[in-house]
Each structure stands twice: as C-alpha cells, then as structure tokens.
Amino acid sequence: MTSTSDTTRRDFLKTSVAAASAFAAPAFVRGQNLNSQLQFAGIGTDGKGYSDIKLIASHDKVKCVAFCDVDLSRTEKVKPLAPEAPIYQDYKKMLDELGDKIDAVSVSTPDHTHAIISIDAMQRGKHVYCQKPLTRTVWEARQMRQQAKKAGVITRMGNQIHSHSAYRTGVKAIQDGVIGKVTAIHSWVGTTGHGRSGLLEPPVKNEAVPKSLDWNLWISVAPMRPYGGNRVYHPFTWRDWQDFGSGAIGDFGCHLLDPVYTALKITGDPISVRSEHTGMNDEVWPAQETIQYVVPGTQYTASRSLPITWYDGGRRPSNGIAKLLPGQSLPNSGSVFVGQKGNMILPHVGQPFVNIEGVKIEPVESLDHYHGWVDGCLSGKQPSDGFEYGGHLTEAVQLGNVAAYFPGETLEFDGKAVKITNNSAANKYLTRDYRTGFEIAST
Ligand SMILES: NC(=O)C1=CN([C@@H]2O[C@H](COP(=O)(O)OP(=O)(O)OC[C@H]3O[C@@H](n4cnc5c(N)ncnc54)[C@H](OP(=O)(O)O)[C@@H]3O)[C@@H](O)[C@H]2O)C=CC1
Ligand SMILES: O=C1CO[C@H](CO)[C@@H](O)[C@@H]1O
C-alpha cells in the first residue's frame, strides 16, 4: 500500500528533478527518500566531523538518520543530535544496511579515506559533502569529479571559508577589476608539513590499539602499519604522514587557493609545477616548502598563463613582491594578488585590502556553506563549488605534493591524460597502491 507521505515524497522528487536541469541521474538513483526532508548520515563524528554534522543538522529540513566513526569513543558528541540514530563503525555496513533511508552523507575523515568513502556513497546515489582536500591523490580527485558527474548527485567540498564574507569580498574585488588584470599570485600558510606528531619515522615501540577503535578500517586504503599510540597518526596528526595526510599544501591549499581559483575562474589543469623544500624522507612531508605552479590564464589574468607561488612553514612572499603601504602588514596566512593597477592582500579569513592609496573594499555578506549544500540537495541545484570545482583545486594541490618528491625539477603536467610528461618516475605519485579489499575502481 502506498502511504500519503510516500506519494508526497515521490511527487516532490519528480518536481525537483524536472525543475533542475543539473540533475542528470536517473530518478531511482536520486534520493527516493527526498521530500521536504533530507535524511542525512555523518561519517567521521569528532574533530571537524562534529562541527560539519552539527552545522548540517542545524538546517530545519535535515534529519540525522545515522552516524559512523571507526572509533566508537569519538561518537559521544553527536549522539545528542539524534539519540535514536544508529551508530556504525564501518561506513559500508551503514550504507548497506540503511540503503534508501540515507539521502546524503558528510565525509569528515582523514584525507586518505575521502575518496573511497565518497565514491562508494556517490555510486549508491547519495549526495556528498566531503572535507578538503577532496582526496589524497591527483588520480582520486579526477575520479571524484567523474563519479559526481556520472551519479548526478549534489556535492560540495568542505572548505567553508569559500562562503565567508572575507573570501567572497576578495573574489568580488578581483572580478570588479579593483587591481586590474592579475599577473601573479603568492599564497602562504604559517603551518608546517610535519611536526604535529613530533616524529619523522614510525615509532619503534607501539601501544595496543584502543578497544573502541577499528584500526583496520582506519588504515583503509593505505598499507597496514601498527597503531603507534595516541596522536602518532590519529587523531589529527595523520596530516604529517605521506600515507594518510597531505602536508601543509594539502591541509591549507584548498582553503587559500580557493578564492584564487574562484576569483580568476581557473578551470584548466596546471601546466607545470616545481617544488623546493627543506628536505623530506619517505614518511613525512617537508617542514618548509615553496611550490611554483603555472596555470592557464583566464579573462581575469594579464597573460595566457599565470604563475602561482605557494609558501609554507614560515616562508612568505618578500616585501618586494607585496609592496605594502605604510601601516599595512602581511597576515600569518593569506594571498597577494598582484594586479596591473596594484596588489590585493587577502588574509586567510580576513577582509582584503589593497596597496592603492584611497581605495577601500566594501565587504559582501557571508553565506551558509552547509545549508547551501542541503538546499542544493533538496532543490537539485548544484552549488558552483561541487566536486568538479573541488576536484580541479585538489588536483593542483596534490600535484604540489608530487613535485615534492623531485625538488628543484619542473614537472610538466598533461591534465587530459593525468600524466607528468617529462619525468616518468613522477607518475607513480599521482596515484597509490591500494590495500587489498580497499581498492577504488576507475570510473
Ligand atoms: N574545513 C576545515 O576548516 C577543516 C577541515 N578539516 C578536515 O576534516 C577532516 C578530518 O580532520 P580532523 O577532524 O582534524 O581529523 P581527526 O583525526 O580529528 O578526526 C577524523 C574523524 O573521523 C574518524 N574516522 C577516521 N577514519 C574513518 C572512517 N574510515 N570511517 C569513519 N570515521 C573515520 C576519526 O576517528 P579516529 O578517532 O579513529 O581517528 C575521527 O573521529 C580532514 O580531511 C581535514 O582536512 C579539519 C579541520 C578543519
Ligand atoms: O582550517 C583548518 C584549521 O586547521 C586545521 C588543522 O591544521 C586544518 O585541517 C583545517 O583545514
């Protein structure tokens, strides 16, 4: 028997699919459960996962139907958000068991697990909000773009500052031509590529895995290694380690380069990338690094190509580049947009200013990044910064990490073929070897 609410849900689905040309997927794939409510499951429930889930759940049309975390001791905070929602340790089991009861998921787990979880969820027709960087490798980012397109689901990358007034104001100022056409970009972050765990190599002594944690699931696609101990790899310190995290450029590149990519409408693949750093081994990322990209020019750039320089670990552009006015200073993290009429300095989560006497930039309002994604899921309207956009940005970020293995060498990239054309040894770093049972099939 068909209930009234079932009919309403199907009617809603038909209307929203018809109304949204961006909805490419067949109706059976797209949220059978979508009516005026989004049935949502949060994967990764502590750290950033908790705030992602809380802010998504604060939308009045969201119902939390399940939570998942490989460490059950880290699920306490989300429980009050939906005390009746089941808690899983394995996202696959959750998706298998709950099936159509889930319309959408957030993926707020360490970087190495973003792709395997998000791609699986998209293949099952779920909308996905995934943390930055979208993936751990270039190849995975390309798969995310392709799978999102194929599934026709609504996606967004979790770089919430994209919707913040500071970045939106910077984007508008560039597109309004306040500094003229852009000739170069310099972006930097104060953080370092390693140092969070205090280790450069895996520890010799290992502690027992806590009972609440499924270490096999935490390791996921990466080669198995012992647990180590609290904060050797998890929580949080996985960022240092090449198997799991993506160093300083991976941690902050998708934040800082986001207003650059958005303002300049960069949609092409990087042409070349070159890294220079203080040294690295096979385990952790460099402490200090400078990465030089060349990307295709756009309507907002002065030339057919644009140099972007990335600095981290305390490095930043020189005063000669920034050309600040008296009283101005560079923030700890941010970007200098060098333009034909002057420079715009865009602090990370701070309002932009220019080095042109008498020119002030009016702030534009913030939007709700989380609710924007939920609204997109309900209406069928894809936000402009879905996985196509986030995938491009992540490919650039992770190319920087490929270049780190060949310091001082300019690597030329063929984006169409996803290939480094002038150094065959570099190609293996565009992807990874997947652990048996955790493979990602090509889309
Ligand atoms: N946009 C932003 O401003 C921010 C984004 N981030 C991003 O959020 C993500 C998470 O970072 P952070 O919260 O610091 O990391 P943490 O290590 O603190 O937490 C990640 C959470 O995911 C859980 N988890 C790990 N693997 C899985 C899995 N396979 N399935 C389900 N749950 C899993 C972890 O459990 P366990 O305790 O076992 O590790 C933990 O609860 C990263 O991609 C990071 O880059 C982080 C901070 C801010
Ligand atoms: O914005 C952020 C704050 O710091 C975290 C830890 O380095 C980052 O991962 C995150 O993206």
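Quantities reported herein were computed from a predicted structural model and do not represent experimental measurements.

Participant: I would appreciate a short explanation of the site of ligand 1 in the present structure.
Facilitator: As a structural note, the neighbourhood of ligand 1 is formed by 31 residues, with Lys48, Asp69, Arg74, Lys132 and His234 the closest of them. A distance of 2.4 Å separates an oxygen atom of ligand 1 from a polar atom in the side chain of Asp69. Here His114 contributes a side-chain N or O atom positioned 2.9 Å from an oxygen atom of ligand 1. A total of 900 Å² of accessible area belongs to ligand 1 in isolation, and the protein chains cover 93% of it. Under a 2 Å grid-point criterion requiring more than half of the atoms, the pocket assigned to ligand 1 is the largest pocket.

Participant: Whenever I open this one, the domain arrangement of the chain confuses me. Can you help?
Facilitator: Accessible area lost on assembly of the parts is the figure often given for the size of an interface. When cut into domains, the chain gives domain 1 (4–162 + 371–382) and domain 2 (164–194 + 244–365 + 395–430). The distance between the C-alpha centroids of domain 1 and domain 2 comes to 30 Å. Taken together, the 17 residues of domain 1 in the interface contact 26 residues of domain 2. Summing the contributions of domain 1 and of domain 2, the shared interface buries around 1900 Å²; its carbon and sulfur component is 55%. The interface formed by domain 1 and domain 2 includes 4 salt bridges.

Participant: Help me understand the UniProt feature "domain: Gfo/Idh/MocA-like oxidoreductase N-terminal" (unreviewed entry) in the chain in this model?
Facilitator: Mapped onto this structure's residue numbering, the UniProt feature "domain: Gfo/Idh/MocA-like oxidoreductase N-terminal" (unreviewed entry) falls at residues 42–157. Helix makes up 36% of residues 42–157 and strand 20%, whereas the separation of the span's terminal C-alpha atoms amounts to 15 Å.

Participant: Honestly, the sheet that holds strand β11 (residues 334–339) in this entry has me stumped. Any pointers?
Facilitator: Whether parallel or antiparallel, the strands of a sheet pair through hydrogen bonds between backbone atoms. A sheet is described by the order of its strands in space; here 9 strands give the open sequence β13-β12-β11-β7-β10-β9-β8-β14-β15, paired in mixed fashion. Two strands bound the open sheet, and with one partner strand each, they are β13 (353–354) and β15 (419–420). Here 2 bridges tie strand β12 (residues 343–347) to β13, and the two strands are oriented antiparallel to one another. Paired with Met344 across the two strands is Val354, which belongs to β13. Across the sheet, helix α12 (residues 387–403) touches β8 (272–277), β9 (289–296), β14 (410–414) and β15, and the angle it forms with β8 is around 55°.

Participant: When you look at the layout of surface pockets in this model, what are you seeing that I'm missing?
Facilitator: Where empty space is left becomes clear once a probe the size of a water molecule has been rolled over the atoms. Its volume calculated, the largest pocket comes out at about 790 Å³. Lining the largest pocket we find 42 residues, and of these Gly44, Ser108, Thr109, Pro110 and Trp238 sit closest to its centre. Secondary structure elements with two or more residues in the lining of the largest pocket: α2 (48–57), α3 (91–98), α4 (114–123), α7 (215–219) and α8 (247–256). Taken together, the residues of the lining of the largest pocket sort by class into 15 nonpolar, 16 polar and 11 charged.

Participant: Would you mind showing me how to read the pattern of salt bridges here?
Facilitator: Pairing between side chains becomes possible if they bear opposite charge and their charged atoms approach one another. All told, the structure shown has 21 salt bridges when counted by the stated rule. Of the charged contacts, one joins Asp46 and Lys77 as a salt bridge, the two residues approaching to 3.2 Å between their closest N and O atoms. Of this pair, Asp46 sits in the loop between β1 (38–43) and α2 while Lys77 sits in the loop between β2 (62–68) and β3 (87–88); the two residues are 31 residues apart in sequence, bridging distant segments of the chain. Classification of Lys77 as partly exposed rests on a relative accessible area of 41%.

Participant: It is not clear to me how the confidence of the model for the chain should be interpreted in this structure. Could you clarify?
Facilitator: It should be kept in mind that the predicted coordinates are not to be read in detail where pLDDT is low. With 92% of its residues at a pLDDT of 70 or more, the chain shows a mean pLDDT of 93. Here residues 1–32 is modelled with pLDDT under 50, and outside its nearest four sequence neighbours on either side it reaches 41 contacts, counting other chains as well.

Participant: What should I look at first to understand the nonpolar core in this one?
Facilitator: Burial of nonpolar side chains together is a common tendency in soluble globular proteins. By size, the foremost hydrophobic cluster in this structure holds 94 residues, and its most contacted members are Met94 and Ile308. Looking at which domains feed residues into this core, each of domain 1 (4–162 + 371–382) and domain 2 (164–194 + 244–365 + 395–430) supplies at least three. The contact partners of Met94, leaving out residues within four places of it in the chain, are Ala41, Ile43, Ala66, Phe67, Cys68, Tyr88, Gly99 and Ile102. Formed by 18 residues, the second largest nonpolar core is a distinct cluster that contains Ile53, Ile56, Ala85 and Tyr370.

Participant: Please clarify how empty space enclosed by the protein should be interpreted in this entry.
Facilitator: In the structure shown here, the tally under the stated rule is 2 cavities of 30 Å³ or more. Each pocket or cavity is described by its volume, and for the second largest cavity that value is around 30 Å³. Residue lining of the second largest cavity: Gly193, Ser246, Gly247, Ala248, Ile249, Trp285, Pro286, Glu289, Asp312 and Asn401, and that is the complete set. No other element matches α8, which puts 3 residues into the lining of the second largest cavity. Class assignment of the residues belonging to the lining of the second largest cavity gives a composition of 4 nonpolar, 4 polar and 2 charged.

Participant: Where do I start with the site of ligand 2 in this structure?
Facilitator: In the vicinity of ligand 2, the contacting residues are Lys132, Phe236, Arg239, Asp251, Phe252 and His255. Protein contacts shield 68% of the accessible area of ligand 2, which totals 290 Å² for the unbound molecule. The site holding ligand 2 turns out to be the largest pocket.

Participant: Sorry if this is basic, but what is going on with the packing of aromatic side chains here?
Facilitator: Applying the stated criterion to the full structure yields 13 aromatic pairs. Taking 4.9 Å as the distance between ring centres and 65° as the angle between the ring planes, the aromatic pair formed by Trp218 and Phe244 counts as edge-to-face. In this pair, Trp218 is assigned in helix α7 and Phe244 in the loop between α7 and α8, connecting sequence segments 26 residues apart. Phe244 gets classed as buried once you look at its relative accessible area, which sits at 0%. Each residue in the set Trp215, Trp218, Tyr227, Tyr233, Trp241 and Phe244 is aromatic and connected to the rest through ring pairs, giving one cluster.

The rules behind the values
- Residues numbered from 1 in each chain as written.
- Chains lettered and ligands numbered in written order.
- Predicted model: local features only at pLDDT ≥ 70, side-chain atom pairs only at ≥ 80, totals over all residues.
- Heavy atoms only, no water.
- Near = heavy atom within 4 Å.
- Polar contact = N/O pair within 3.5 Å; in protein donor to acceptor, adjacent residues only side chain to side chain.
- Areas by Shrake-Rupley, 256 points an atom, 1.4 Å probe, with all protein chains shown as cover.
- 1 Å grid on protein atoms, 1.4 Å probe; cavity = no way out; pocket = protein on both sides within 12 Å on 5 of 7 lines; lining within 4 Å.
- Sits in = over half its atoms within 2 Å of the grid points.
- Domains from an automatic or database assignment.
- Contact = heavy atoms within 4.5 Å.
- Buried area = accessible area lost by both parts, 1.4 Å probe.
- Salt bridge = Lys/Arg side-chain N within 4 Å of Asp/Glu carboxyl O.
- UniProt positions renumbered as here; feature names shortened; annotations may be inferred.
- Helix = DSSP H or I, 4+ residues; strand = E, 2+ residues; numbered from the N terminus.
- Pairing = 2+ DSSP bridges.
- Axes fitted to C-alpha atoms, helices over the stretch in contact; angles between N-to-C directions.
- Points joined across faces, edges and corners; volume = space filled by probe spheres on them.
- Nonpolar A, V, L, I, M, F, W, Y, C, P; charged D, E, K, R; others polar.
- Buried < 20%, exposed > 50% of the residue type's maximum accessible area, 1.4 Å probe, protein only.
- pLDDT = per-residue confidence, 0-100.
- Core = buried A, V, L, I, M, F, W, Y, C linked by side-chain atoms within 4.5 Å.
- Phe/Tyr/Trp six-rings, centres within 6.5 Å; stacked < 30°, edge-to-face > 60°.

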